[in-house]
Amino acid sequence: EAQTVNDSLLNKKRLINADDPSQFITRLEVFNELQHYDEGDFYLNQTILRGVVTFGKRFTTRVDIPLVYNSLANNTNLKQTGLGDITFRLLGYKALENPKGALTTSIEISLNTANSPILGKGKTLIIPMVTYTRVIPKEKILLAMTFQQAITLGGDETREDISFSKLQFIILKRWSQKAWSVLQPEAYIDYIHGGVSMNLRSRMVYAPKPRMNIYLTPSVGLFGDFIGRYQWSADIGIRYFLFRK
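Residues numbered from 1 in each chain as written. Predicted model: local features only at pLDDT ≥ 70, side-chain atom pairs only at ≥ 80, totals over all residues. Heavy atoms only, no water.

1. Looking at the overall build of the protein
Right, so step 1: Along its length, the protein carries 0 helices and 15 strands.
Right, so step 2: The globule rule puts the C-alpha radius of gyration for 245 residues at 18 Å, and the 18 Å found for the protein is close to it.
Right, so step 3: By principal-axis analysis of the C-alpha atoms, the protein measures approximately 60 × 30 × 30 Å.
Right, so step 4: In the protein, buried positions account for 44% of the 245 residues.
Right, so step 5: By sequence separation, contacts in the protein at least 24 residues apart represent 50% of the contacts at least 6 residues apart.
Right, so step 6: Accessible surface computed for the protein: about 12,700 Å², of which carbon and sulfur atoms make up 62%.
Right, so step 7: Positive and negative side-chain charges in the protein, numbering 30 and 22 respectively, have mean positions lying 14 Å apart. (Helix = DSSP H or I, 4+ residues; strand = E, 2+ residues; numbered from the N terminus. Rg over C-alpha atoms; globule rule 2.2 N^0.38 Å. Buried < 20%, exposed > 50% of the residue type's maximum accessible area, 1.4 Å probe, protein only. Contact = heavy atoms within 4.5 Å. Areas by Shrake-Rupley, 256 points an atom, 1.4 Å probe, with all protein chains shown as cover. Lys, Arg positive; Asp, Glu negative; His and termini not counted. Charge placed at Lys NZ, Arg CZ, Asp CG, Glu CD.)

2. Some points on the environment of Arg58
Right, so step 1: In this structure, Arg58 sits in the loop between strand E4 (42-55) and strand E5 (59-70).
Right, so step 2: On the accessibility criterion, Arg58 (37% relative accessible area) is partly exposed.
Right, so step 3: Sequence spacing of Arg58 and Gln168 is 110 residues, and the spatial spacing of their C-alpha atoms is 22 Å.
Right, so step 4: Apart from the residues lying within four places of it in its own chain, the contact partners of Arg58 are Phe24, Gly92, Tyr93, Lys94, Ala95 and Leu96.

Right under this line is the structure:
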C-alpha cells in the first residue's frame, strides 16, 4: 500500500506493505491460483477469499476460504468443484520489534471442510509458524525467513497422516512507492514419505491507489515428490486495505 508510517522497523517512514510479514494490516483479498502437476497431468484451480483483521499493533487473525476445481479424472463420481479446506490463523503475535528486525509467531488451523476427497487433504492440521524479518534500508530490500510445522490432529482415517516442515525465504525489493517484487523460495521436508521438495515463487505487485494492491505470482516447482510441489503455478489477485487514511 502506497502509504508511510512512523512506527516501523526502521523507526522512520517506511512503505506499508502486506508482503512484509512483520506488518499486520487489516484487509480483504481475493486471488485465483492455477497449479499444474506433472504426475497425473492434472490442474488444480483455487479461488480464495482471504480476510485479515488486526488488533492493535501486535495481534492479527486471518481466514482463507477456497473454492477449488480439480481436473483429476476419477471413476467414482467424486465432485471436482466445491469448497476446499478452510484455514484459520487463530493468533498472530509480534513478539519482538526493534530497528534491526522483527520476530512474529502464529498458530494456524487447516480444517477438513472439502466437499470431496480430491478437493482437500482429508485431515485437520495445526500449523505453528515463526518468522524473522530484517530490513536493508539503503538497498530498499526486506529479507525474511519463515518456518512452519504441520501436525495432523485428525480427519479421514482412510487417508494417511500429514507431517512436514516448510521453510520459506522472502526477498522483497521496492522499486518505487507503487511497485515492488518478491522472490520466495520454499522447501518442504516430508516426514511421512521422506525427502525434500522445493518451489520457487515470485510476485510482482502494483499499488494503483493507496488502499489497493494488484499482483501476479508466477511460480515453478524445482524438485521433489511432496504433494505441495507443483510443476508450475500462476495466480492473480487484488487486495483492499481497510481502516487506512
